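Given next are the chains, with one letter for each unit.
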Amino acid sequence: MISDPRTPLQPLHVTTYEQLLEKVRYEGAYPTRERAEEAVRLVLAGLGRQLTGDERVELAACLPFEAARVLTAQIPDPQPLTGWAFVKDLAARTDASLATTRWDTGAVFSAVATLAGPELLTRILHQLPSGHALLFGRAELTAAA
């Protein structure tokens, strides 16, 4: 297989699924690896329902295989959710509180942002409705009216 050197398919740094789970466990202060994995699966599945196009493909290439599979197994919704609606949707799917779900989302998105890098994350945020930047730990900037 010949690939174009200008469009790398692999991230510059390789992270294993176990390393991703440990990062999320640390960021979320979860008591067990299993709890961190629940958060990863929930949030990545939700993100998989929001992303389309090149950003979805490129993000999947940045993630460990197991995480990429969770992301890409989802069929994107025709109308992406705002950041707050995203959290509410995940909470409803798991019967968890909004606070817990927001915490889970922030812990997972922190790790995802690191793996994606600033350029890809900016493109992802441009694709998503308002409110997602805060979930990724970025300021939500809006144009002046």
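So, here's what we can say about the structure. Keep in mind the model is a prediction, meaning the values are calculated, not measured. (Residues numbered from 1 in each chain as written. Predicted model: local features only at pLDDT ≥ 70, side-chain atom pairs only at ≥ 80, totals over all residues. Heavy atoms only, no water.)

1. Quick notes on the overall build of the protein
Here is step 1 of the chain: Across its full length, the protein carries 7 helices and 0 strands.
Here is step 2 of the chain: Scanning the protein from its N terminus toward the C terminus, one meets helices and strands in the order α-α-α-α-α-α-α.
Here is step 3 of the chain: Counting the 145 residues in the protein, one finds 41% classified as buried.
Here is step 4 of the chain: Of the contacts formed within the protein by residues at least 6 apart in sequence, a portion of 64% connects residues at least 24 apart.
Here is step 5 of the chain: Accessible surface computed for the protein: about 8,300 Å², of which carbon and sulfur atoms make up 59%. (Helix = DSSP H or I, 4+ residues; strand = E, 2+ residues; numbered from the N terminus. Buried < 20%, exposed > 50% of the residue type's maximum accessible area, 1.4 Å probe, protein only. Contact = heavy atoms within 4.5 Å. Areas by Shrake-Rupley, 256 points an atom, 1.4 Å probe, with all protein chains shown as cover.)

2. As for the side chain of arginine 56
Here is step 1 of the chain: Here arginine 56 is to be found in helix α3 (residues 53-62).
Here is step 2 of the chain: Buried and unpaired, arginine 56 has aspartate 77 as its nearest opposite-charge partner, separated by 9.1 Å.
Here is step 3 of the chain: Polar contacts involving the side chain of arginine 56 include one to the main-chain carbonyl oxygen of leucine 51, which spans 3.2 Å.
Here is step 4 of the chain: Sequence-distant contacts of arginine 56, defined by excluding residues within four places in its chain, comprise Gly48, Leu51, Leu71, Thr72, Ala73, Gln74 and Pro76. (Lys, Arg positive; Asp, Glu negative; His and termini not counted. Salt bridge = Lys/Arg side-chain N within 4 Å of Asp/Glu carboxyl O. Polar contact = N/O pair within 3.5 Å; in protein donor to acceptor, adjacent residues only side chain to side chain.)

3. Focus on the nonpolar core
Here is step 1 of the chain: Core analysis: the biggest nonpolar cluster contains 41 residues, and Val24, Leu59 and Leu63 have the highest contact counts within it.
Here is step 2 of the chain: Those elements that provide at least two residues to this core are α1 (17-28), α2 (33-48), α3, α4 (65-72), α5 (83-94), α6 (98-127) and α7 (132-135).
Here is step 3 of the chain: By residue number, the principal contributor to this core is α6, which donates 12 residues.
Here is step 4 of the chain: In this structure, leucine 63 is in contact with Leu44, Ala68, Leu71, Val112 and Leu115, ignoring residues within four places of it in sequence. (Core = buried A, V, L, I, M, F, W, Y, C linked by side-chain atoms within 4.5 Å.)

Coordinates in, geometry out; function isn't part of it.
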